[in-house]
Amino acid sequence: MLQQAYAALPEQLATIVQRYKQGMSVGCKPTVALIKYMESSGATVQQLQQQLAPLIAAEQAFSYTGSLSGCTAEASTSTGVLAAPGQGLPGMQSADQQGLAAPAAQHAEMSGLAPLQQQLKKKHPQQIQPLQQQPQQPMHDQQQQPCIARLLSNIELVQETLSGMNQWDGFKQVAWGNLEMWYSHDTVNQRQLVKARTVLDEPIVHAVCLAREFDLVPSWNPAILDSRELKAYSPSELLIYILSWCPWPLPCGEVLNYALGVDLLDTKDRCVLLATNTPSEEQLQSIAVPQHPRTLRMIMHAGGFKFIPLPPDPAKPNVQRMEAIVLMSMDAKKFVIPDTIISFLLKIFAPLVYKSVMKVLGSIFHQKNGRLPSGLWCT
């Protein structure tokens, strides 16, 4: 039956899916490969769903009997962080040219991110220590079987996130300068949306490197009280937890996100995308969620970070540049954050976060002698 299903597919599509199912294409590679296939063939997600329906049905049958435990439950929504940072980035091989990714348990060390973690721990030991005292499940125990339904959900998440970042109707600009910000209260779809844009004199790989050390965010971001990885479907598909600060008497915002990182530099979108949204209840089954007092669970729609390479500034021809776009889409059906509070956060607190980002990028990647710390994978 499976051989007939593969034989009925276009050759390129069958190859992509087979490599994914056999574990030969991991991390963000299968998602990127499908996106490239859609661009070259003109296929839509709906068409892919129809073509792959027999294989998805087979997955569901195996999942029901326990052979592919959790696949169907995980497929209804998508979320992740970049797998091997630097895939397809300037000066490096593209995602399709890379070898197999390292096992998730060894990923941080093998990709060279361990020095970044050590640097942050040296600079902020008192802030990182509380997170170290809260044990997390080992990454290699959390790996999941390849799931075509989840792969298609990843494509939908990428498309929805990029579409939201290109949508400007109803947005009002509330901040200017180095950090531009916009806000929209969409009463039709009952969402509160925030966008931010900035240009950094940094290569994209620095932003990716910083984002991949997700559990260290509270050490440098004053707006985040807690952050951790709860589950890894692959090195570029994660369930993550975030606890953000809110002024009293509001509860602190608690976010559970599915995070997906994809290298789209070789596609028409020419960017690196970190897309997130709230996972389904099925995805959260058997997940140990941190418990904090005075919290409110926020429901998030498709959003995330988009990193776009820019040509160098003529005044600084040897300095790489990038544009960073941020989209945050909060569900406002059950809980609406007062516009006055959002205005305060955007105008007062957001610039502090921006300064923290600039400070940590400078302290980690730029030494006084102009050289990067030895051992970093991005040197």
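None of the values given here were measured: they were computed from a predicted structure.

A. Broad picture of the packing of helix H3 (residues 29-41) against helix H10 (residues 148-165). It is the contact of H3 with H10, at a shortest axis distance of 10 Å, that shows an interaxial angle of 65 degrees. The orientation of H3 with respect to H10, classified from their angle, is roughly perpendicular. At the point where H3 passes H10, the crossing takes the right-handed sense. Here Pro 30, Thr 31, Leu 34, Ile 35 and Met 38 of H3 come into contact with H10, specifically with Leu 151, Leu 152, Asn 154, Ile 155, Val 158 and Gln 159. Residues that form the contact of H3 with H10 fall into these classes: eight nonpolar, three polar and no charged.

B. Looking closely at unusual backbone geometry. In this structure, Ser 286 takes a positive phi of about 65 degrees despite not being glycine. Secondary-structure assignment places Ser 286 in the loop between strand E7 (272-277) and strand E8 (295-298). At Arg 294, a residue that is not glycine, the phi angle is positive and equals roughly 55 degrees.

C. Quick look at the packing of helix H2 (residues 11-21) against H10. Put simply, H2 and H10 touch, their axes get as near as 11 Å, and they point 120 degrees apart. By the angle between their axes, H2 is oblique relative to H10. Every pair of crossing elements has a handedness; the one defined by H2 and H10 is right-handed. Contact with H2, carried on its side by Val 17, Tyr 20 and Lys 21, involves Ile 148, Arg 150 and Leu 151 of H10 and no other residues of that element. Among the residues forming the contact of H2 with H10, the class breakdown is four nonpolar, no polar and two charged.

D. Representation of the pattern of salt bridges in the model. Across all of its chains, the model carries eleven salt bridges by this definition. A salt bridge links Glu 323 to Arg 197, with the shortest nitrogen-to-oxygen separation between them at 2.5 Å. Separated by 126 residues along the polypeptide, Glu 323 in strand E10 (residues 321-331) and Arg 197 in strand E3 (residues 191-200) bring together distant segments of the chain. Arg 197 gets classed as partly exposed once you look at its relative accessible area, which sits at 28%. Two residues, Lys 333 and Asp 331, come together in a salt bridge whose shortest N-O distance is 3.1 Å. Overlapping salt bridges bring together Glu 180, Arg 197 and Glu 323 as one network.

Cut-offs applied
- Residues numbered from 1 in each chain as written.
- Predicted model: local features only at pLDDT ≥ 70, side-chain atom pairs only at ≥ 80, totals over all residues.
- Heavy atoms only, no water.
- Axes fitted to C-alpha atoms, helices over the stretch in contact; angles between N-to-C directions.
- Helix = DSSP H or I, 4+ residues; strand = E, 2+ residues; numbered from the N terminus.
- Parallel < 35°, antiparallel > 145°, perpendicular 65-115°, else oblique.
- Left-handed = near helix turned anticlockwise from the far one by under 90°.
- Contact = heavy atoms within 4.5 Å.
- Nonpolar A, V, L, I, M, F, W, Y, C, P; charged D, E, K, R; others polar.
- Salt bridge = Lys/Arg side-chain N within 4 Å of Asp/Glu carboxyl O.
- Buried < 20%, exposed > 50% of the residue type's maximum accessible area, 1.4 Å probe, protein only.

Read these as spatial facts, not as claims about activity.
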